[in-house]
Amino acid sequence: FGLSGPFLSLDSACASSLQALLFGARALQTGQIDMAIVGGASDCKPFTLVLFSFSRALSATGSHPFDADADGMICAEGYVSIVLKTLDRALADGDPIQAVIRGLGVSSDGRGKSLWAPRKEGQIKAMQRAYGPDVEMSSLQYVEAHATATQVGDATELQTLAEILAPHVPPGEKIPIGSVKANIGHTLESAGIASLIKTVLSLQHGLVPPIVNLRNLNPKVDWDSAPFYVPTTSVPWPAARSGQPRRAGVNAFGIGGLNMHVILEEFAESRRGQARSRPSADSLSSAATQGINKKEEDAVAVVGMGCLFPGALDVERFWELLTSGRDPKQSAPPDRWRLAVVH
């Protein structure tokens, strides 16, 4: 591509790709770069399977987020990338804008009971940090949860969502939540952007796809009083009130306690007529010295997407998979070295 500029590789476990998104967005907002390619890659590594086997985090039955019988995750492979520019730059360049990133929140759980025990306090902090007076949590219409189908992890995240959303969802209303891991398994380092691409496609189609492999909701959750529900069929995503864009939140929580939350919203094509002159790096850097916030001019545009997941070799087939209810997960090929799950 003739690209030049800084390259960065990082590992924050399951939050890796969304933390990379945070680094890319900050570099764009401070004028260090003009464009960022942010991605995640996960392949099936034997030592990873050994680690999760000994911790009893793997499932012998399948990936069932939010289900009463959820007994662990299914590790999957996935390769994803998105191309980012500041919204002003993308508008000035006439790029096809897929979605707009309006907020990013990051936190650490701090000292906890163990590597495997997530803390609700850290997850709440990441979500709170993504919002502000110009982007309120009450505007959320959907949450793509991290939800890996592990008992402790899912229970903690559902407690987090119940506590933090309750004051912002009007009485009698509920917003849908989902997890792409029901469809494709847990793609580990690339899981965050996998969830993000699913959410971008949902925004574009105005449709929340159903969650598959759900038989009975986890009885430990008070679903009647919870401010959210799990859709088992496709749900139309209506336009927001007062002409606001559709808006969603995406979670990615890494083992060890690094938490990421991203606010996504749809892009209105009517905004193209409002494009200003192409901003210079100097002007962006000057603005950055006064602090980065979530004002409209600080938003970041997703201008390209690519993915390779089990059963979905590109973005279009990924959307078809999400809406079909088909489960693409299958047994490992016979020529792949298999490891016995330790019970």
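Residue numbers restart at each chain and count upward from 1, following the sequence in its written direction. Where totals are concerned, whole chains, interfaces and linings use all residues; where local detail is concerned, this predicted model gives features only for residues with pLDDT of at least 70, and gives and counts side-chain atom pairs only at 80 or more. Processing note: side-chain calculations cover all non-hydrogen atoms of the structure and skip hydrogens and water entirely.

Chemist: I'd like to hear about the overall build of the protein, residue by residue, with values.
Modeler: Put simply, DSSP H or I for four residues or longer makes a helix, DSSP E for two residues or longer makes a strand, and each gets a number counted from the N terminus. Counting its regular elements, the protein contains nine helices and 11 strands. Expressed as a percentage of its 343 residues, the buried residues of the protein come to 52%. Contacts are assigned to residue pairs that have any heavy atoms within 4.5 Å of one another. Long-range pairs, those at least 24 residues apart, make up 79% of the contacts in the protein between residues at least 6 apart in sequence. Calculation of accessible area relied on Shrake-Rupley with a 1.4 Å probe; when residues are assessed, cover is drawn exclusively from the protein chains displayed. Per element, the accessible surface of the protein, about 15,700 Å² overall, is 53% carbon and sulfur. Classification of residues uses two cut-offs on accessible area relative to the type maximum, computed with a 1.4 Å probe and protein chains only: under 20% is buried, over 50% is exposed, and between them is partly exposed.

Chemist: Just give me the short version of the sheet that holds strand β2 (residues 78–86), but keep the residues and values in it.
Modeler: The strands that make up a sheet are held in pairs by hydrogen bonds between backbone atoms, and each pair lies either parallel or antiparallel. Paired strands, as defined in this entry, are two strands with at least two bridges between them according to DSSP. The sheet built from nine strands is open, its strands ordered β1-β2-β11-β3-β10-β9-β4-β5-β7 with mixed pairing. At either end of the open sheet lies a strand with only one pairing partner, and these are β1 (36–42) and β7 (228–229). Two elements, strand β9 (residues 247–254) and strand β10 (residues 258–265), share eight bridges in a ladder whose sense is antiparallel. Its bridge partner being in β10, Arg 247 is matched across the sheet by Glu 265.

Chemist: Residue-level account of the pattern of salt bridges, with values.
Modeler: We define a salt bridge as a contact between a side-chain nitrogen of Lys or Arg and a carboxyl oxygen of Asp or Glu at a distance within 4 Å. For the structure on display, the rule yields 14 salt bridges. Among the salt bridges present, the one from Lys 45 reaches Glu 189, with a minimum N-O distance of 3.6 Å. With Lys 45 in the loop between β1 and α2 (46–54) and Glu 189 in the loop between α6 (181–184) and α7 (191–205), the pair connects residues that are 144 residues apart, well separated along the chain. Each member of the pair, Lys 45 as well as Glu 189, is classed as buried.

Chemist: Quick rundown of the packing of aromatic side chains? Include the residues and the values.
Modeler: Note on ring pairs: Phe, Tyr and Trp rings are taken, using the six-membered ring of Trp, and paired if centres are within 6.5 Å. Classes follow the plane angle, with under 30 degrees stacked, over 60 edge-to-face and the rest tilted. Considering all chains together, one arrives at three aromatic pairs under this definition. For the ring pair Tyr 142 and Trp 237, a centre distance of 5.7 Å and an interplane angle of 55° mean the geometry is tilted. With Tyr 142 in strand β4 (residues 142–144) and Trp 237 in the loop between β8 (235–236) and β9, this residue pair connects regions lying 95 residues apart in the sequence. We note that Tyr 142, like Trp 237, is buried.

Chemist: A description of a nonpolar patch on the surface should follow, citing residues and the corresponding values.
Modeler: Within this analysis, patches are made of residues with over 30% relative accessible area and no salt bridge. Like charges are joined at 9 Å or less; nonpolar side chains (Val, Leu, Ile, Met, Phe, Trp, Tyr) at 5 Å or less. A surface patch of nonpolar side chains, about 270 Å² in accessible area, is lined by Tyr 79, Leu 308 and Leu 313. Relative to the assigned elements, Leu 313 resides in the loop between β11 (300–308) and α9 (315–324). The exposure class assigned to Leu 313 is exposed, which follows from its relative accessible area of 51%.

Chemist: Kindly report on the nonpolar core, identifying the contributing residues and their values.
Modeler: In terms of nonpolar packing, the biggest core is built from 45 residues, with Leu 18, Leu 21, Ile 82, Leu 84, Leu 264 and Phe 318 touching the most fellow members. Setting aside residues up to four positions removed in sequence, Leu 264 forms contacts with Ala 99, Val 100, Ile 101, Leu 196, Thr 199, Val 200, Leu 203, Arg 246, Arg 247, Ala 248 and Val 250. The term nonpolar core refers to a set of buried residues drawn from Ala, Val, Leu, Ile, Met, Phe, Trp, Tyr and Cys, joined through side-chain atoms within 4.5 Å.

Chemist: Give a description of the side chain of Lys 198 that names residues and reports values.
Modeler: Mapped onto the secondary structure, Lys 198 falls in helix α7. Classification of Lys 198 by relative accessible area gives buried; the value is 3%.

Chemist: Give a detailed account of the environment of Ala 248, specifying residues and quantitative values.
Modeler: Assignment of secondary structure puts Ala 248 in strand β9. A residue is classified by how much of its surface remains accessible, and Ala 248, at 0% relative accessible area, is buried. Here the alpha-carbon distance between Ala 248 and Tyr 142, two residues 106 residues apart in the chain, equals 4.8 Å. When near neighbours in sequence (up to four residues on either side) are disregarded, Ala 248 contacts Leu 140, Tyr 142, Thr 199, Trp 237, Val 262, Ile 263 and Leu 264.

Chemist: Describe the packing of helix α4 (residues 120–130) against helix α5 (residues 151–165), naming the residues involved and giving the relevant values.
Modeler: Orientation is described by axes fitted as lines to C-alpha atoms, over the contacting stretch for helices, and by angles from 0 to 180 degrees between their N-to-C directions. Two elements in contact, α4 and α5, have axes separated by 9 Å at closest approach and are oriented at 50°. One way to sum up the angle between α4 and α5 is to call them oblique. Judged by the sense of rotation from one axis to the other, the crossing of α4 with α5 is right-handed. Along the contact surface, α4 presents Lys 120, Gln 123, Ile 124, Met 127 and Gln 128, while α5 presents Thr 156, Glu 157, Gln 159, Thr 160, Leu 161, Glu 163 and Ile 164. Here roughly perpendicular refers to angles of 65 to 115 degrees, roughly parallel to angles under 35, roughly antiparallel to angles over 145, and oblique to all remaining angles. Should the near helix be turned counterclockwise from the far one by less than a right angle, the crossing is left-handed, whereas a clockwise turn marks it as right-handed.

Chemist: Account for the side chain of Gln 141, naming residues and giving values.
Modeler: Locating Gln 141 in the fold gives a position in the loop between α4 and β4. A distance of 3.0 Å separates polar atoms of two side chains, one belonging to Gln 141 and the other to Trp 237. Within polar-contact distance, the side chain of Gln 141 engages the backbone oxygen of Pro 238 at 3.4 Å. Those residues in contact with Gln 141, other than ones at most four positions away along the chain, are Ile 175, Pro 176, Trp 237, Pro 238, Ala 239, Ala 240, Pro 245, Arg 246 and Arg 247. Within 3.5 Å is the distance limit for a polar contact, defined as a pair of N or O atoms, with the added protein rule that one can donate a hydrogen and the other accept it, and that residues adjacent in sequence qualify only through two side-chain atoms.

Chemist: Explain α4 residue by residue, including any values.
Modeler: Within the sequence span of α4, burial applies to Gly 122, Gln 123, Ile 124, Ala 126, Met 127 and Ala 130. Looking at the packing, one finds that the buried side of α4 touches β3 (99–108), α5, β9 and β10.

Chemist: Can you tell me about the confidence of the model for the protein, naming the residues and giving the values?
Modeler: For every residue, the predictor assigns a confidence score, pLDDT, that lies between 0 and 100. Summarising the model, the protein shows a mean pLDDT of 87, and 86% of its residues fall at 70 or more. Every residue in residues 277–294 scores below 50 in pLDDT, and together they form 27 contacts with partners more than four places removed in sequence or on other chains. Here residues 338–343 is a poorly scored stretch, pLDDT under 50, and it has 11 contacts once near neighbours within four places are set aside; other chains count.

Chemist: Could you give me a rundown of the packing of helix α1 (residues 16–29) against α7, with the residues and numbers involved?
Modeler: In the contact formed by α1 and α7, the axes pass within 5 Å of each other and the chain directions differ by 75°. Taken together, the axis directions place α1 and α7 in an arrangement best described as roughly perpendicular. Contacts from Ser 17, Leu 18 and Leu 21 of α1 reach α7 at Ala 191, Gly 192, Ile 193 and Leu 196.

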